[in-house]
Structures are given as C-alpha cells and as structure tokens.
Amino acid sequence: MDLVYTEAEEEFRGRLREWLAAVLPGLPPKPSPDDWPARRAHDTSWQLMLYDAGYAGLHWPVDAGGRGATPTQHLIFLEETEKAGAPYVGANFVGLLHAGPTIAAEGTAEQRARWLPPVLRGDEIWCQGFSEPEAGSDLAALRTRAVRDGDDYVVSGQKIWTSHAEVADWCELLVRTDPGAPKHRGISWLAMPMDAPGITVRPLRTLAGSTEFAEVFLDEVRVPVRNRVGAENDGWRVTMVTLSFERGTAFVGEVVACRRTLAAVAAEARRNGRWDDAVLRRRLGRLNAEFRALWRLTQGNVGESERTGGVPGIGGSVFKLRYSGLRQELYEAAAEVLGAGGAFDLDREWALDRLSSLSYTIAAGTSQIQRNIVAERILGLPKGR
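What counts and what doesn't
- Residues numbered from 1 in each chain as written.
- Predicted model: local features only at pLDDT ≥ 70, side-chain atom pairs only at ≥ 80, totals over all residues.
- Heavy atoms only, no water.
- Helix = DSSP H or I, 4+ residues; strand = E, 2+ residues; numbered from the N terminus.
- Buried < 20%, exposed > 50% of the residue type's maximum accessible area, 1.4 Å probe, protein only.
- Contact = heavy atoms within 4.5 Å.
- Areas by Shrake-Rupley, 256 points an atom, 1.4 Å probe, with all protein chains shown as cover.
- Expected span 1.5 Å × (residues − 1).
- Polar contact = N/O pair within 3.5 Å; in protein donor to acceptor, adjacent residues only side chain to side chain.
- 1 Å grid on protein atoms, 1.4 Å probe; cavity = no way out; pocket = protein on both sides within 12 Å on 5 of 7 lines; lining within 4 Å.
- Points joined across faces, edges and corners; volume = space filled by probe spheres on them.
- Nonpolar A, V, L, I, M, F, W, Y, C, P; charged D, E, K, R; others polar.
- Pairing = 2+ DSSP bridges.
- Salt bridge = Lys/Arg side-chain N within 4 Å of Asp/Glu carboxyl O.

Helix and strand content of the chain: 11 helices and eight strands. Within the chain, the proportion of its 385 residues that are buried is 51%. The long-range share in the chain, meaning contacts at least 24 apart out of those at least 6 apart in sequence, stands at 72%. Carbon and sulfur atoms make up 53% of the accessible area of the chain, which amounts to about 18,000 Å² in all.

Structure, rendered in structure tokens:
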C-alpha cells in the first residue's frame, strides 16, 4: 500500500487549493435546513461551478463526461474541499455518488448520454428508492412490483428512507419483476421520473428536525422499459455496483470533517477546563488514533480501487462499519465536553450532529449487514442461518 503522493498529485492539490481560495469567499450563505427549494438551488449552483471549473465527476470516465482522474486524485479532491469548508454535494448526493456512477458502469450509450450530463451540471436531482417498510436491511426482500405492459413497467408499492425525494427529478428504483424467482433474483433497476402520475411523496422528519428523506407511494406508475439499467431480473448485481460506490467513497469527506471536529472538541476541552480530566484526554487520544487509522484504511481502499479499474471493493464495508460507530463515539465525547447544558442545546452544531450520528449505523447498510459481508466475503466464514 503506497501512502506517498506523487509530484503530479501534489501539483493537482495545489491547483485545487488555489481555485478553492479564489471562489469560496464569494459564495452565498447556506440556506435554512427547512427551505428545500433554496437548498436545491444552493447545491446545484455549487455543482455548476465545479462543472465549469472541470471538477465535476472528477473520477468518472472521460467517455461518461468526467475527467478520468485517478481514485487518488479524487481522494485529494474530497480531502481538500472538506478542509476548505466548501459546500457538500447535498441534494446532488444520490446522482453524483450512486446513480451516476452506476449508469456510467452499467448503462447503455443512450442512457449515459441522457442522464449523466444533467447530473454533472447539477440540472437534475436523483433520489434512491431502495428500502421498504418490511425490507430495509434485507433489501432483497423488497415487494414493490413492476409488471411489464408493452413498452412500460407498471409499478406499485412503497419505499421508505428515500433520500431527497421531495426535490428529486429522478429515482434509482429497485423493483421486483419476477415474483416467482428467488429473492436475490427477479429484481430490476429502473430510472423513474418523479413527476410521473401515481407517485406520492411524504417527507419524514428526523430526530434532529430535518426532512432529509421521505416515504414514497407508487400506485400503478408507468416507467418506460428503456429506463431499465442492466438486464431484466439482473437488478441485484447492478445494485451491488451501486452499493460498492456508496460504501467505498461516499463517507471520505466526512472522515476529514470528523478529524477537524475532534480537534475543535479538544480545543473546547482546553478552554472550559475539562482537559484536566485524564480519562477524557485518553478518550480523545484514542479517537484521534482511530480516525488516523481510518484515513489510512481509506487510502488503502483507494489504492485497491486504482488497481481494479475504479470500482470500490468490499473493503468499503470494513470502512463503513468502523466509521459509523466511531462517528457516534466522537459526538458522545463532544457531548461530554459540552456538559449537560450544551449537549442538549440544539442550537449547538455538535448537538445536532450527535443526533444525526445515530443514523449512521443504519444508513448505507446496517452494521449487522456490514458484519455479515466482512465475515462471508472477506474472512470466508460460512453464511449464518
């Protein structure tokens, strides 16, 4: 595992830093978390700036509209934009990190030409329609049906935890196209237009008070067969491509953010006198060591991705499993530093982050599922019954 950056990679880092220093001071302030139209406009405006500067879809293949950058260059991009306090992908999350890379890897030439340029420019927003009320962690148990009717699929069912559904133009949707097949077969991956008749979106409010995702009800929604990515009933394999991207690189910027937060927590402990607690100091020291190790694991996963053609490997599950728990431990330590008054003051950023951290052991595959993946696919242990 080579953890040394080349001269060319450091030159790339320098140019990126110069560009960020020039453009970030002129950005407008972040809108209110409750104003979704404003949040969409803010996020897509930033995406267009990235596109115009040549940083959109940095690691996507050139024939998919990207720059064909190496995974290491992409890692540098994520690291530097987070350090500089640049806007996160926000509402563009699913399109840029999930649907777009999946279509680039699995879509036809026509599908790539139709969907990838609007994702890169920020013209269209995607949401993810995977989980269902009775098929969350056991994704293959999904029940949403798609019945072929000529050139369309007629889709009926319900999705839950559908990220950014309230502002999305398209949905990467998993449906069951062969109910008689074993549950991991008979699934297809569709691109569903969110303005199609028969779609009802009901936002879900989180513990922190935001509405990042929604329930989506589908009542005989017609989706053209040409919107299917991959072969009919091959959706589980296509989905594994999607999830490899989700678990491989999606949390990289957040690791950088957590390391910055940890430094701020230590500074606050020194300021308010809690640094005198030797147990707390050891706790923060251990967190620092673990986040540094997690960053090294990230670099190792990126190195593997370079050797395998750009698709993240199953090592992403190891990363995601430890990151989810470590993030929760970080904000528990932050609550200890803030004390009882600050820890429950929702006007404090760390207090809200502590609430949102609870979801990370569920989002992008629960920790139990990640442990199964690690046990069966990395360690070679037998499947549980």
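Moving on, we get to helix 2 (residues 36-53). With 18 residues, helix 2 should reach 26 Å at 1.5 Å per residue; the first-to-last C-alpha distance of 26 Å fits that figure. Inspection of helix 2 places Trp36, Arg39, His42, Asp43, Thr44, Trp46, Gln47 and Leu50 among the buried residues, and these make up the whole buried set. The elements touched by buried residues of helix 2 are helix 1 (7-23), helix 3 (71-83), helix 4 (93-106) and helix 5 (109-121). Its side-chain oxygen placed 3.2 Å from the backbone nitrogen of Ala38, Asp35 serves as the N-cap of helix 2. One or two positions beyond helix 2, positive phi appears at Gly54, with a value near 85 degrees.

With that settled, the discussion passes to the environment of Asn288. Positionally, Asn288 belongs in helix 8 (residues 278-307). Look at Asn288 and you get partly exposed, because its relative accessible area is 36%.

Below, the discussion takes up empty space enclosed by the protein. A water-sized probe, rolled over the atoms, reveals where empty space remains. Inspection of the entire model under this criterion finds one cavity of 30 Å³ or more. In this structure, the largest cavity occupies an estimated 360 Å³ of space. If you go around the largest cavity, you meet 24 residues; those closest to its centre are His74, Phe77, Leu78, Val89 and Leu97. Within the residue set of the lining of the largest cavity, elements represented by two or more residues are helix 2, helix 3, helix 4 and helix 7 (252-272). Sort the elements by how many residues they give to the lining of the largest cavity and helix 3 lands first, with five residues. In terms of residue class, the lining of the largest cavity is made up of 16 nonpolar, seven polar and one charged.

Note that strand 2 (residues 145-149) and strand 3 (residues 152-163) share five bridges and pair antiparallel. By the bridge assignment, Arg145 is partnered in strand 3 with Ser156. Linking two consecutive strands that pair antiparallel, namely strand 2 and strand 3, is a turn of two residues; a positive phi of about 65 degrees is found at Gly150 within it.

A few words on the side chain of Thr102. Among the structural elements, Thr102 can be located in helix 4. A residue is classified by how much of its surface remains accessible, and Thr102, at 0% relative accessible area, is buried. Polar side-chain contacts of Thr102 include one of 2.7 Å to the backbone oxygen of His98.

Position of Thr144 among the secondary structure elements: in the loop between strand 1 (126-129) and strand 2. Here the side chain of Thr144 touches Glu132 through a polar contact of 2.7 Å, side chain to side chain. Among the polar contacts listed, one links the side chain of Thr144 to the backbone nitrogen of Gln158, at a separation of 3.4 Å.

This paragraph deals with the pattern of salt bridges. One pass over the structure, following the stated rule, counts 23 salt bridges. Of the charged contacts, one joins Arg271 and Glu268 as a salt bridge, the two residues approaching to 2.7 Å between their closest N and O atoms. Placement of both Arg271 and Glu268 in helix 7 is noted, with a separation of three residues, approximately one turn of the helix. Residue classification places Arg271 among the exposed residues on the basis of a relative accessible area of 62%. In this structure, Glu290 engages Arg322 in a salt bridge whose closest nitrogen and oxygen atoms are separated by 2.8 Å. Residue Glu290 is found in helix 8, and its partner Arg322 is found in helix 9 (residues 315-343); the two are separated by 32 residues along the sequence. Residue Arg322 is classed as partly exposed on the basis of its relative accessible area of 28%.

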